[in-house]
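Chain by chain, the residues run as shown.
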Amino acid sequence: MTDIITESEEAGFASDLTQSNTLGESVQAYISRVRGGDMGALPSVFGLVVLFIVFGFANDRFLSNLNMANLITQAGPIIILAMALVPVLLLGEIDLSAGVAGGVAACVMGVLMVEHDQPWGLAVLAALATGAVIGIVIGLIVAKLGIPSFVVTLAFFLGLQGVTLKLIGEGGSVRINQEVIAGIANNNMSVAAGWILAVAVIAAYAVLALLRHRRKVERGLQHQPFAVVVAQIVALGLVTLGVAFVLNQDRSVNPTFPIKGIPYVLPMIVVLLILWTFALGRTTWGRHVYAVGGNPEAARRAGISVDRIRISVFMACSTMAALSLIVQASVSGKVSSSSGAGNALLYAVGAAVIGGTSLFGGKGKARDAVTGGLVIATIANGLGLLNQASWINFVVTGGVLLLAASVDAISRRRRSATGI
Amino acid sequence: MLSSHPPSRTMHPPERLTMSESTPLLALRGINKSFGVAHVLHDVDLAIYPGQVTALVGDNGAGKSTLVKCLAGIYPIDTGEYIFDGKPVSVHGPKDAGALGIEVVYQDLALCENLDIVENMFLGREKKSGIVLDETTTESKAREALTSLSVRTVKSVRQSVASLSGGQRQTVAIAKSVLWNSRVVLLDEPTAALGVAQTRQVLDLVRRLADSGVGVLLISHNLTDVFEVADRITALYLGRVAADVATKDVTSRQVVELITTGHSSDLDGAAAPSTTA
Ligand SMILES: Nc1ncnc2c1ncn2[C@@H]1O[C@H](COP(=O)(O)OP(=O)(O)OP(=O)(O)O)[C@@H](O)[C@H]1O
Ligand SMILES: [Mg+2]
């Protein structure tokens, strides 16, 4: 068919831009994208800055090193559950049962370790498998029977809480004091290892970004201006070094027992972020998830097995949810009959949406879970420090979720009006 | 109902074709398709020849798009034979049609608005190096295909489809069908939303495709375009084939009659099978 292509008399695709424009131009392009409703990470970063200023003034303990480390460990389960939900939201679906599915999985882990003396590795694998099976069942029902995922997962939300009760007993809980599992949230990397990790992350990102940029320029592909690439590397570098610096300070209240270093949950989130960014952005599977979310009929006509994509996404979601509740068990030191119930799921949905993932499908990134999860965790943490009654916490978090969904809906309308 | 048209008795093969080229590349025999109680296609016969443009004409609702979707494997056929390259085949989905070398431009386009032009053009057939998507090759190939269609107003191949006009989307859909080494290209009203210059480009492309040996099926309501590029015309009337004739044997008036009434009194009997039998 190439002969047909080259027979064309003139190369008329003349106005296609591949060259980088200047830094100023790309800043302008960014501003017009934001105005057009494509705000990306802006609302969550802005929200985070505002929250830090407000809570920083309201309570002098908020910005302390100890509280910053607490914030990170509290954010861990929320971020991981939000990451679980991003692919589901990309499809334009919802999984209301993700939290309790993770709860069942964490229960399986707890019961296996505590009551059956199984090794932690096996218990964790069993938990992940439990999540995967739940996800496959949900996916099969949604894809094959065509019931809206909202209804299916609402049914699972109720049913799975019953399963947890059965496993653990009314009002009971299983203590998690196994070293590795408890260590995820409670143990820290050595200061040296922390610095090495931070530098390695920055170096790897910089090398990959620069190589990619050079390859695009060489092949004449569309690419960003070099200055923007450098700016991104510098920004990531500053944030990473800043976080590492804070976490590597002594944060103990008791000077004789210094506590310092990066809690293990942080590198875990970094690894998951890299994994999901890769899976969604650079693999065929990820591309097909976006396609199904954007236009299922177009995806079907392109030969994509829409059902298989749906099932795999729900499976991935519940598996990640299992991981999230394992981390939660590490943070709280126990698995209880209410694990993953309550507001865990709303926190996670709120996190993903605040981060910039659309509830309407087709738009979102793994990193949205991280920025949005930090916003939600900061609200919970800050209000906790202010000793507010817990009703305020509910009202504020619900309000934030509604605000994020409104921003999503309005920006979507703007996007379709401006065609971005 | 209809007199069948075995390939060897094709009535008016254009003179420039050899005998082997006059066997259909793709043929349908006695196709029926219903949606519930609505019987949309009745014993439809269709032949698409290599190197020829076959025009499919018919009024709104005649069943043209349905026929294309049956060919593409989007809708299953109720009864009838699907013959490709002289052999009966069964096409159960878009993948099967793609594997046979059939490319389709749908009337409703079906593009993913949240993906960019390159991503849409390679959807379902992404190029990979290892397990990683190969963005480099795909972007250059997409640019090449678009260049051939003289797309002038698209700013960049990395623009999302949501930001394209109707005509630009149509060009993207057509460019997508040119990307692959297809043997049959089905175009459902490809010029409906296009301006004068773009229509010109597409008609030229349709002709170039056919001249390179591809079998092209073109659906259009514009008879001027049909008479300009088509070698054969198949007229569909209420889901039945009203006529299957060589373009040079009919006049525009006769085709209008076929489209609106299902028969044309002064068309010679061999070329216009009766629809009332
Ligand atoms: N999915 C469907 N379910 C039920 N009926 C359908 C479906 N698709 C098409 N039809 C019916 O089949 C008939 C033929 O429709 P089709 O879209 O094939 O017409 P067409 O010839 O392409 O018309 P147009 O020129 O307007 O594009 C119409 O009466 C339509 O209502
Ligand atoms: Mg149609």
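Per-chain numbering applies: the sequence of each chain, read as written, is numbered from 1 onward. As they are written, the chains are lettered A onward and the ligands numbered 1 onward, keeping that order. Predicted model: local features are reported for residues with pLDDT of at least 70 only, side-chain atom pairs are reported and counted for 80 or more only, and whole-chain, interface and lining totals are derived from all residues. Excluded from the side-chain calculation are hydrogens and water; included are all heavy atoms of the structure.

Under the annotation held in an unreviewed UniProt entry, chain A carries the name Xylose transport system permease protein XylH and is attributed to Aeromicrobium ginsengisoli. Chain A has a UniProt comment under Function (unreviewed entry) that states "Part of the binding-protein-dependent transport system for D-xylose. Probably responsible for the translocation of the substrate across the membrane." UniProt positions are given in the numbering used here, feature names are shortened, and annotations may be inferred rather than shown by experiment. As its UniProt record puts it under Subcellular location (unreviewed entry), chain A is described as follows: "Cell membrane".

Examining the overall build of chain A
A helix here means a DSSP run of H or I that spans at least four residues, while a strand means a run of E at least two residues long, and both kinds are numbered starting from the N terminus. Summing up its helical and strand segments, chain A has 17 helices and two strands in all. Expected size for 420 residues packed as a compact globule is a radius of gyration near 22 Å; at 23 Å, chain A falls within 12% of this value. Burial status follows relative accessibility: with a 1.4 Å probe on protein chains alone, a residue under 20% of its type maximum counts as buried, one over 50% as exposed, and anything between as partly exposed. Counting only residues that meet the buried cut, chain A has 49% of its 420 residues in that class. Between two residues, a contact is recorded if the distance between any of their heavy atoms is within 4.5 Å. Sequence-distant contacts in chain A: of pairs separated by 6 or more residues, those separated by 24 or more amount to 76%. A total of about 19400 Å² of accessible surface is found on chain A, and carbon and sulfur atoms cover 67% of it. Of the charged side chains in chain A, 27 are positive and 20 negative, and the gap between their average positions amounts to 4 Å. Each radius of gyration reported is based on C-alpha atoms, and the globular scaling rule is 2.2 Å times the count of residues to the power 0.38. A 1.4 Å probe and the Shrake-Rupley method give the accessible areas. Residues count as covered only by the protein chains that appear here. Positive charges are assigned to Lys and Arg, negative charges to Asp and Glu, while His and the chain termini are left out of the count. The atom standing in for a charge is NZ when the residue is Lys, CZ when it is Arg, CG when it is Asp and CD when it is Glu.

Regarding the sheet that holds strand E4 (residues 79–84) of chain B
All names here are of chain B. In short, DSSP must find at least two bridges between two strands for them to pair. Here four strands make up an open sheet; going across it, the order is E2-E1-E4-E5 and the pairing antiparallel. In this open sheet, the two strands that pair with only one neighbour each are strand E2 (38–48) and strand E5 (87–88). On top of the sheet, helix H1 (residues 64–72) reaches strand E1 (26–35), E2 and E4; it is set at about 65 degrees to E2, its chief contact. The axes are straight lines fitted to the C-alpha atoms, using for helices just the contacting stretch, and the angles between their N-to-C directions are given from 0 to 180°.

Some words on the coordination of the magnesium ion (ligand 2)
Residues and elements named next belong to chain B. Only Ser65 (OG) and Gln107 (OE1) from the protein coordinate the magnesium ion (ligand 2), and they sit 1.9 to 2.0 Å from it. Taken together, the positions of Ser65 in helix H1 and Gln107 in the loop between strand E6 (102–105) and helix H3 (117–121) put the pair 42 residues apart, joining distant regions of the chain. For Gln107, a relative accessible area of 39% corresponds to the partly exposed category. Water is not among the atoms examined, so metal sites may look incomplete; donors are the N, O and S atoms within 2.8 Å of the metal, or within 3.2 Å for Na, K and Ca.

With respect to a nonpolar patch on the surface
Residues and elements named next belong to chain A. Residues enter patches when their relative accessible area tops 30% and they take part in no salt bridge; the joining distance is 9 Å for like charges and 5 Å for the nonpolar side chains Val, Leu, Ile, Met, Phe, Trp and Tyr. Note on definitions: salt bridges are taken to be side-chain nitrogens of Lys or Arg within 4 Å of carboxyl oxygens of Asp or Glu. Together, Leu145, Ile147, Phe150, Val151 and Leu154 line one region of the surface with nonpolar side chains, adding up to about 450 Å² of accessible area. With three residues, helix H7 (residues 149–168) is the largest single contributor of residues to the nonpolar patch. Of note, Ile147 is situated in the loop between helix H6 (120–145) and H7. Since its relative accessible area comes to 32%, Ile147 is described here as partly exposed.

Section: the nonpolar core
Take the buried Ala, Val, Leu, Ile, Met, Phe, Trp, Tyr and Cys residues and link them wherever side-chain atoms come within 4.5 Å; each set so joined is a nonpolar core. Counting 106 residues, the largest nonpolar core has Met83, Met109 and Met320 of chain A as the members making the most contacts within it. Examining the composition of this core, we find that 17 residues originate from one element, helix H4 (residues 65–90) of chain A, more than from any other. Aside from chain neighbours lying at most four places away, what touches Met320 of chain A is Ile80, Met83, Ala84, Leu272 and Trp276 of chain A. Core analysis: the next-biggest nonpolar cluster, separate from the first, contains 49 residues, Ala55, Leu111, Leu194 and Ala243 of chain B among them.

Here we look at the sheet that holds strand E9 (residues 184–188) of chain B
Residues and elements named next belong to chain B. Strand order in this open sheet of six strands is E6-E9-E10-E3-E11-E12, and the pairing throughout is mixed. In this open sheet, the two edge strands, each paired with only one partner strand, are E6 and strand E12 (240–246). Here the strands of the sheet are splayed against their neighbours by 15 degrees on average, with no regard to which way each runs. With six bridges connecting them, strand E11 (residues 232–237) and E12 associate as antiparallel partners. Bridge assignment links Leu236 to a residue of E12, and that residue is Val241.

Some words on the packing of H4 of chain A against helix H15 (residues 344–355) of chain A
The relative placement of two packed helices comes down to the angle between their axes together with the axis-to-axis distance. All names here are of chain A. Viewed as axis vectors pointing N to C, H4 and H15 meet at an angle of 65 degrees, and their least axial separation amounts to 8 Å. Viewed along their axes, H4 and H15 adopt a mutual orientation that is roughly perpendicular. Pair H4 / H15 crosses with right-handed handedness. Judged by residue contacts, Ile78, Leu81, Ala82, Leu85, Val86 and Leu89 of H4 engage Ala344, Leu345, Tyr347, Ala348, Val349, Ala351 and Ala352 from H15. Residues are grouped as follows: Ala, Val, Leu, Ile, Met, Phe, Trp, Tyr, Cys and Pro are nonpolar; Asp, Glu, Lys and Arg are charged; every other residue, Gly included, is polar. Considering only residue class, the contact of H4 with H15 consists of 13 nonpolar, no polar and no charged. Reported orientations rely on four angle classes, namely roughly parallel under 35 degrees, roughly antiparallel over 145, roughly perpendicular from 65 to 115, and oblique for the rest. Crossings are assigned a handedness: left-handed for a near helix turned anticlockwise from the far helix by less than a right angle, right-handed for a clockwise turn.

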